[in-house]
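Secondary and tertiary structure notes
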Amino acid sequence: MPSTLMEYAFKCTKEEKDLYMYYFLTTKPGESTIIFCNSIQCTKRVSSILEFLKIPNWCLHSKMQQRQRLKNLDRFKKGVQAIEGQAVELGGNQKKQEAAAILVCTDVAARGLDIPNVQNVVHY
């Protein structure tokens, strides 16, 4: 395990999961996050909740057309690159004002997905 990797676990009830996820994302402004869900239905629900809360995100699951999956993945990658570019430009320590790059997905994205510099991974 890399020395820079930190792992956390939040113990909560099923009813609290969305609140904890929202809290986590609000404490990470301008950072990139991949949220893994265990079903397509969960992925759609989480993505909809984030949209309702005005948190831009991209959804990715196996019931989407391949073209749409690739398009959303590309948008997320560009968002990650933009965040990384801004972090370098700001010296890495200053607060970033740009919106975060968030990908909500099922395990379809876990196979062969290589996106450098993703800052957070959440197993919802």
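Conventions used here
Residues numbered from 1 in each chain as written. Predicted model: local features only at pLDDT ≥ 70, side-chain atom pairs only at ≥ 80, totals over all residues. Heavy atoms only, no water. Helix = DSSP H or I, 4+ residues; strand = E, 2+ residues; numbered from the N terminus. Contact = heavy atoms within 4.5 Å. Areas by Shrake-Rupley, 256 points an atom, 1.4 Å probe, with all protein chains shown as cover. Axes fitted to C-alpha atoms, helices over the stretch in contact; angles between N-to-C directions. Parallel < 35°, antiparallel > 145°, perpendicular 65-115°, else oblique. Left-handed = near helix turned anticlockwise from the far one by under 90°. Nonpolar A, V, L, I, M, F, W, Y, C, P; charged D, E, K, R; others polar. Patch = residues over 30% accessible without salt bridge, like charges linked within 9 Å, V, L, I, M, F, W, Y side chains within 5 Å. Salt bridge = Lys/Arg side-chain N within 4 Å of Asp/Glu carboxyl O. Phe/Tyr/Trp six-rings, centres within 6.5 Å; stacked < 30°, edge-to-face > 60°. Buried < 20%, exposed > 50% of the residue type's maximum accessible area, 1.4 Å probe, protein only. Lys NZ or Arg CZ within 6 Å of the ring centre and 35° of its normal.

**Structural notes on the overall build of the chain**
Per the secondary structure count, the chain includes three helices and four strands. In sequence order, the chain lays out its α and β elements as α-β-α-β-α-β-β. Across the chain, contacts joining residues at least 24 apart in sequence account for 72% of those joining residues at least 6 apart. Of the roughly 8600 Å² of accessible surface on the chain, a fraction of 52% belongs to carbon and sulfur atoms.

**Here we look at the side chain of T106**
Along the chain, T106 turns up in the loop between strand 3 (101-105) and strand 4 (120-123). T106 has contacts with F36, C37, S39, I40, T43, L60, H61 and S62, leaving out every residue within four places of it along the chain.

**Some details on the packing of helix 1 (residues 17-26) against helix 2 (residues 40-52)**
Two elements in contact, helix 1 and helix 2, have axes whose closest approach is 12 Å; the angle formed by their N-to-C orientations is 55 degrees. The angle between the axes of helix 1 and helix 2 places the two elements in the oblique class. Relative to helix 2, the crossing made by helix 1 is right-handed. Residue-level inspection shows D18, M21 and L25 of helix 1 in contact with helix 2, the latter providing R45, V46, I49 and L50. Looking at the contact of helix 1 with helix 2 residue by residue, the class counts come to five nonpolar, no polar and two charged.

**Re a nonpolar patch on the surface**
On the surface, a cluster of nonpolar side chains totalling about 520 Å² of accessible area is made up of M6, Y8, F10 and Y20. Inspection of the secondary structure puts Y20 in helix 1.

**Side note on the packing of aromatic side chains**
Summed over the entire model, instances satisfying the criterion amount to two aromatic pairs. Seen in terms of ring centroids, F10 and Y20 are 6.1 Å apart; in terms of plane orientation they differ by 40 degrees. Their pairing is tilted. Note that F10 is positioned in the segment before helix 1 and Y20 in helix 1, a separation of ten residues in sequence. Ring centres 6.5 Å apart and planes at 65 degrees place the aromatic pair F10 and F24 in the edge-to-face group. Taken together, the positions of F10 in the segment before helix 1 and F24 in helix 1 put the pair 14 residues apart, joining distant regions of the chain. In this structure F10 comes out as exposed when scored by relative accessible area, which is 52%. In this structure an aromatic cluster arises from ring pairing among F10, Y20 and F24. One residue, K17, lies across the ring of Y124, its end atom 4.4 Å from the ring centre.

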